[in-house]
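# Fold and contact review
Listed below are the residues making up each chain.
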Amino acid sequence: RNAHGLACASASDWSGAAAAFSAAAALLTREPEATASDALALVLSNLAHACARDGRAPEAMRHARRALALRESLVGQASPVVARTRMDLAVLLASAWQLAAARAMLDEALLRLEERFGPHDPRLADPLENSSRLSRLSGDPDRAVADWHRLHGIVERHQLPTTRQEALAGRQVAGGA
């Protein structure tokens with residue numbers, strides 16, 4: 001069912017994807033050992049994404065929070081997969097204009113990644129990009145620029161692809177931050 005959901009998602013059939021992921025989650029929760037499994041957390045994350053793309057933000061956030069709680073219980077607060085799940089939830093919160101909650105979630109993801117891997121690790125690139133976008137959306141141009149500069153430093157240091165970074169820089173310049 002998860003594979004069917006992924007197929008629907010790749011065809012931009014978000015309603016079909018959500019239905020398939022929901023069915024997959026229901027099947028997984030029937031298995032006693034699966035209620036605390038990474039497979040269920042993955043399906044819930046996929047379900048959250050599909051629901052968000054299908055315009056069902058409250059449902060998406062509920063599934064994302066459930067995936068986050070499950071992943072935290074499985075691998076702890078400092079895991080990169082937990083940081084990614086936090087970042088995904090922050091994006092959902094920002095899209096629902098819950099900017100303070102999104103900021104708190106994103107800052108926690110950044111903090112945990114920095115504590116574990118250091119301030120220049122390439123795993124910080126996506127959260128910093130999202131932080132810069134959130135800062136622009138929140139009307140905090142100084143933070144947006146600071147995050148963008150940190151992102152640029154990481155991209156340079158690790159020679160990461162720059163297509164998204166260049167697009168973000170264009171928005172920074174055009175938008176005044």
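Structure shown above.
Note that this is a predicted model, so its numbers are computed, not measured. (Residues numbered from 1 in each chain as written. Predicted model: local features only at pLDDT ≥ 70, side-chain atom pairs only at ≥ 80, totals over all residues. Heavy atoms only, no water.)

### Some remarks on the overall build of the protein
Counting its regular elements, the protein contains nine helices and zero strands. Along the protein, helices (α) and strands (β) appear in the sequence α-α-α-α-α-α-α-α-α when read from the amino end. The proportion of buried residues among the 177 residues of the protein is 42%. A separation threshold of at least 6 residues defines the contact pool for the protein, and within that pool the share at least 24 residues apart is 53%. (Helix = DSSP H or I, 4+ residues; strand = E, 2+ residues; numbered from the N terminus. Buried < 20%, exposed > 50% of the residue type's maximum accessible area, 1.4 Å probe, protein only. Contact = heavy atoms within 4.5 Å.)

### Examining the packing of aromatic side chains
Under the defined criterion, the tally for this structure stands at zero aromatic pairs. It is R123 that lies over the ring of F117; its NZ or CZ is 3.5 Å from the centre. (Phe/Tyr/Trp six-rings, centres within 6.5 Å; stacked < 30°, edge-to-face > 60°. Lys NZ or Arg CZ within 6 Å of the ring centre and 35° of its normal.)

### Remarks on helix α7 (residues 125–137)
For α7, with 13 residues, the first-to-last C-alpha span of 18 Å sits near the 18 Å given by 1.5 Å per residue. Among all positions in α7, only A125, P127, L128, E129, S131, S132, L134 and S135 are buried. Positive backbone phi, approximately 80 degrees, marks G139, located one or two places after α7. (Expected span 1.5 Å × (residues − 1).)

### Quick word on the environment of S22
Tracing the sequence through the fold places S22 in helix α2 (residues 14–30). For S22 and C51, which are 29 residues apart along the polypeptide, the C-alpha to C-alpha distance reads 9.8 Å.

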